[in-house]
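If you want the building blocks of each chain, they are given just below.
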Amino acid sequence: DTEVTQTPKHLVMGMTNKKSLKCEQHMGHRAMYWYKQKAKKPPELMFVYSYEKLSINESVPSRFSPECPNSSLLNLHLHALQPEDSALYLCASSQDGDRKSNQPQHFGDGTRLSIL
Amino acid sequence: AQSVAQPEDQVNVAEGNPLTVKCTYSVSGNPYLFWYVQYPNRGLQFLLKYITGDNLVKGSYGFEAEFNKSQTSFHLKKPSALVSDSALYFCAVSLTSGTYKYIFGTGTRLKVLA
């Protein structure tokens, strides 16, 4: 069982819909991540939160809006997505602080998103 | 440009035989090195990492990896492959400059044949 829980597991939405992806971890990690992964490709970093503050935005289109309500939760709000946004969206968490570069990331099982 | 290469898209090995999944990197400084495995319809699972010290790192599920600084390689190995090891393997490099970012390799699909 993974220690990072993502819901829903699958999501189908139209291009005009608004939906949210949720991620939760209780490992006390203060760094949390959103990745996008296409089939058979490595994950692509989208956002990083450090201590509930947005630290990195990898020039992600504004139709993706992240939110970190508290140290255990991470949301990704979706609006007016395009068909090319169909992918597996992975959440991850890790220890933060001075040694953040050498800490492994713990991934959830993802939300498989399909845009009609 | 900094990069991580996994030169084999797919590796086939017979069950019980040793396996190697290759990773080489081209980055400045002394990076931290990681291996992750991804099973179908799952997220990435951490296998092992090299920070410093002994060049042979042992990880989960009987996997190990050998760090070679002169060849800038970090190959993943297992003495005896299992069918259940069949999955997608990613090598990742983290720079030591206090970053959250990984540079991922392109991934290698390991197929263990019964």
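The rules behind the values
One numbering rule holds for all chains: residues counted from 1, following each sequence as written. Throughout, the order in which chains and ligands are written sets their labels, letters from A for the former and numbers from 1 for the latter. Since the coordinates come from a predicted model, pLDDT governs what is reported: local features require at least 70, and pairs of side-chain atoms require 80 or more to be given and counted, while whole-chain, interface and lining totals use all residues. Excluding hydrogens and water, the side-chain figures rest on all heavy atoms present in the structure. Between two residues, a contact is recorded if the distance between any of their heavy atoms is within 4.5 Å. Buried area: the accessible area, evaluated with a 1.4 Å probe, that two parts lose upon being put together, summed over both parts. Between Lys or Arg on one side and Asp or Glu on the other, a salt bridge is scored when a side-chain nitrogen of the former is within 4 Å of a carboxyl oxygen of the latter. Strands here mean DSSP runs of E at least two residues long; helices mean DSSP runs of H or I at least four residues long; both are numbered from the N terminus. In the scheme used here, Gly and all other residues not listed as nonpolar or charged are polar, with Ala, Val, Leu, Ile, Met, Phe, Trp, Tyr, Cys and Pro taken as nonpolar and Asp, Glu, Lys and Arg as charged. The term nonpolar core refers to a set of buried residues drawn from Ala, Val, Leu, Ile, Met, Phe, Trp, Tyr and Cys, joined through side-chain atoms within 4.5 Å. Burial classes: relative accessible area under 20% of the type maximum marks a residue as buried, over 50% as exposed, and values in between as partly exposed (1.4 Å probe, protein chains only). The disulfide criterion used throughout: a pair of cysteine sulfur atoms within 2.5 Å. Two aromatic rings, drawn from Phe, Tyr or Trp (for Trp, its six-membered ring), form a pair once their centres lie within 6.5 Å of each other, and the interplanar angle then sorts them: stacked below 30 degrees, edge-to-face above 60, tilted otherwise.

Draft legend 1. Summary view of the interface of chain A and chain B. In this assembly, 28 residues from chain A lie in contact with 26 residues from chain B. Each partner contributes to the roughly 2100 Å² buried at the junction of chain A and chain B, and carbon and sulfur atoms together form 56% of this total. Run the count over chain A and chain B and you get two salt bridges. In this structure, B:K101 and A:E58 form a salt bridge, with 2.9 Å as the shortest nitrogen-oxygen distance. Among the secondary structure elements, those contributing two or more residues to the side of chain A that touches chain B are β4 (31-37), β5 (44-50), β6 (53-57) and β9 (87-94) of chain A. At four residues, the largest contribution of residues to the side of chain A that touches chain B is made by β4(A). Tallied by class, the residues present in the side of chain A that touches chain B amount to twelve nonpolar, nine polar and seven charged.

Draft legend 2. Representation of the nonpolar core in the model. B:W35, B:L47, B:L48, B:F74, B:L76 and B:Y89 are the most contacted members of the largest nonpolar core, which totals 29 residues. The set of elements that each furnish at least two residues to this core consists of β2 (10-14), β3 (19-21), β5 (32-38), β6 (44-50), β8 (64-68), β9 (73-78), β10 (87-94) and β12 (108-113) of chain B. Not counting residues within four places of it along the chain, the set of residues in contact with B:F74 comprises B:C23, B:L33, B:F34, B:W35, B:L48, B:K49, B:Y50, B:A65, B:E66 and B:F67. Core analysis: the next-biggest nonpolar cluster, separate from the first, contains 22 residues, A:V4, A:W34, A:V60 and A:C68 among them.

Draft legend 3. Summary view of the environment of A:C91. Residue and element names in this part refer to chain A. For C91, the location among the structural elements is in strand β9. As for C91 and N70, which are separated by 21 residues in sequence, their C-alpha atoms are 15 Å apart. If sequence neighbours within four positions are ignored, C91 has contacts with V4, Q6, C23, M32, Y33, W34, L74, H106, F107 and G108.

Draft legend 4. Structural detail: the state of the cysteines. Per the counting criterion, the structure on display carries two disulfides over all chains. At a sulfur-sulfur separation of 1.9 Å, the disulfide partner of A:C23 is A:C91. With the S-S dihedral at roughly -70°, the linkage between A:C23 and A:C91 falls on the left-handed side. With A:C23 in strand β3 (residues 18-25) and A:C91 in strand β9, this pair connects stretches of sequence that are 68 residues apart. No difference in accessibility class separates A:C23 from A:C91, as the two residues are buried. A sulfur-sulfur distance of 2.0 Å marks the disulfide that ties B:C23 to B:C91. Disulfide B:C23-B:C91: torsion about the S-S bond near -65°, hence left-handed. Here B:C91 lies in strand β10 and B:C23 lies in the loop between β3 and β4 (24-26), a separation of 68 residues in the sequence. Each member of the pair, B:C23 together with B:C91, is buried. Between A:C68, a free cysteine, and A:C23, which holds the nearest cysteine sulfur, the sulfur-to-sulfur gap is 9.1 Å. Since its relative accessible area comes to 12%, A:C68 is described here as buried.

Draft legend 5. Representation of the packing of aromatic side chains within the structure. In the structure shown here, the tally under the stated rule is 16 aromatic pairs over all chains. Relative to B:Y89, the ring of B:F63 has its centre 5.6 Å away and its plane inclined at 50°; by these criteria the two rings are tilted. On the criterion of sequence distance, the pair formed by B:F63 in the loop between β7 (56-58) and β8 and B:Y89 in strand β10 is long-range, its members being 26 residues apart. Of the residues examined, B:Y89 reaches a relative accessible area of 0% and is grouped as buried. Following the ring pairs from residue to residue traces out a cluster consisting of A:Y33, A:Y35, A:F107, B:F34, B:Y36, B:F46, B:F90, B:Y100, B:Y102 and B:F104.

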